[in-house]
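# Structure at a glance
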Amino acid sequence: KGIPSLVVAAASFDDVVAITGFSMCIGVAIKTGADPILEGFHGPLSVFIGLILGSIGGKFIGMTKFWNSDRKRSMITMFTCLFFMFLCGYFHYEGAGALAGLVTGVVGAETWQSGTMKYLSNGPLKGAQHEVEHAVAKLWNLFAQPVLFGIVGASVNFKEIDSSVIPYA
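The following refers to the structure shown. (Residues numbered from 1 in each chain as written. Predicted model: local features only at pLDDT ≥ 70, side-chain atom pairs only at ≥ 80, totals over all residues. Heavy atoms only, no water.)

### Quick look at the packing of aromatic side chains
Condition: Put simply, two rings from Phe, Tyr or Trp (the six-membered ring, in Trp's case) pair if the centres are within 6.5 Å, and we call them stacked under 30 degrees between planes, edge-to-face over 60, tilted for the rest.
This structure, assessed with the given rule, holds four aromatic pairs. Centre to centre, the rings of Phe83 and Phe84 are 5.9 Å apart; their planes meet at 50°, and the pair counts as tilted. Within the aromatic cluster, the residues linked to one another by ring pairs are Phe60, Phe66 and Trp67.

Below, the structure written as structure tokens:
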């Protein structure tokens, strides 16, 4: 039953590792004028920040006394993850934001299932993570995915594409 969720989490974590590794390599390869030692620590620091923020965010969304309905849990999960993405992006730690969003969801789901927030929890909630997953999937399919692909499609300049390569696409 939990295998598909585990596969999605592993694939997402793989993406975060790739983004972090890329950030580390690009930081070493391209001179920005900053201290090279600080540039080298940018990747590991992103991982550390992402894990810490994600753990805090997961416990925050796990407070079922405040987020006592599926709709509230779904909204606070999405807004918390977006907040971390924009916050980390503002400080140039994009990999940390992606990892924080992933860890927030994992820790939040575990907190809902176990009810470990003691006085801030209504107890264990079986299946709460599936309701949130369903709401996020619906938002993705109806809104975010069309907007994303519309923006990508709008950025293609067909005047710059050589017409002889179109049949090979």
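### Regarding the packing of helix H4 (residues 94-114) against helix H5 (residues 128-154)
The line we're drawing: A fitted line through C-alpha atoms serves as each axis, taken over the contacting stretch for helices, and the angle formed by two N-to-C directions is quoted from 0 to 180°. Secondary structure elements follow DSSP: runs of H or I of four or more residues count as helices, runs of E of two or more count as strands, with numbering from the N terminus. Orientation categories follow fixed angle ranges, with anything under 35 degrees roughly parallel, anything over 145 roughly antiparallel, 65 to 115 roughly perpendicular, and all other angles oblique. Contact between two residues is taken to exist if any of their heavy atoms lie within 4.5 Å; hydrogens are not considered.
Relative to each other, H4 and H5 sit at 140°, their axes nearing to 8 Å. As judged from the angle between their axes, H4 and H5 are oblique. Every residue of H5 that contacts H4 at Ala109, Trp112 and Gln113 is listed here: Ala128, Gln129 and Val132.

### Notes on unusual backbone geometry
For residues besides glycine, phi is generally negative; the peptide bonds are generally trans as well. With a phi angle near 65°, His92 is a residue other than glycine that sits in the positive phi range. Here His92 is to be found in the loop between helix H3 (70-90) and H4. Backbone geometry places Lys118, a non-glycine residue, at a positive phi of 50°. For Lys118, the position within the fold is in the loop between H4 and H5.

### A word on H3
Defined as follows: To estimate the expected span of a helix, subtract one from its residue number and multiply by 1.5 Å.
With 21 residues, H3 ought to run about 30 Å at 1.5 Å a step, and its terminal C-alpha atoms sit 30 Å apart, in line with that. Taken together, the buried residues of H3 touch helix H2 (36-61), H4 and H5. After H3 finishes, the residue His92 shows a positive phi value of roughly 65°.

### A short note on the nonpolar core
For the record, the criterion: Throughout, nonpolar core names a set of buried Ala, Val, Leu, Ile, Met, Phe, Trp, Tyr and Cys residues whose side chains join them through atoms within 4.5 Å. With a 1.4 Å probe rolled over the protein chains alone, any residue whose accessible area is under 20% of its type maximum counts as buried; one over 50% counts as exposed, and the rest are partly exposed.
Judged by nonpolar contacts, Ile61, Met63, Trp67, Ile76, Ala109, Trp112, Met117, Ala128 and Val132 together constitute the single largest core of nine residues. Residues in contact with Met63, not counting those within four places in the same chain, are Met117 and Leu120. Counting residues in each nonpolar core, the second largest holds six residues, with Leu53, Tyr93, Ala96 and Ala100 among its members.

### Quick notes on the pattern of salt bridges
The condition is simple: Salt bridges are defined by distance alone: a side-chain nitrogen of Lys or Arg within 4 Å of a carboxyl oxygen of Asp or Glu.
Evaluation of the coordinates by the stated rule reveals one salt bridge. Residues Asp70 and Arg73 are paired through a salt bridge, measuring 2.6 Å at the closest nitrogen-oxygen approach. In this pair, Asp70 and Arg73 both sit in helix H3, three residues apart, roughly one turn of the helix.

### Regarding the packing of H2 against H3
When two helices pack together, their arrangement is given by the angle between the helix axes and by the axis-to-axis distance. As a reminder, the rule being used: Crossing handedness is read from the near helix: turned anticlockwise from the far helix by less than a right angle, it gives a left-handed crossing, and turned clockwise, a right-handed one.
Following both chains from N to C, one finds H2 and H3 inclined at 155°, their axes separated by 10 Å at the closest point. Accordingly, the angle class assigned to the pair H2 and H3 is roughly antiparallel. Two packed elements cross with a definite hand, and for H2 against H3 that hand is right-handed. The residues of H3 that touch H2, namely those facing Ile49, Leu53, Gly57, Phe60 and Ile61, are Ile76, Thr77, Thr80, Phe84 and Cys88.

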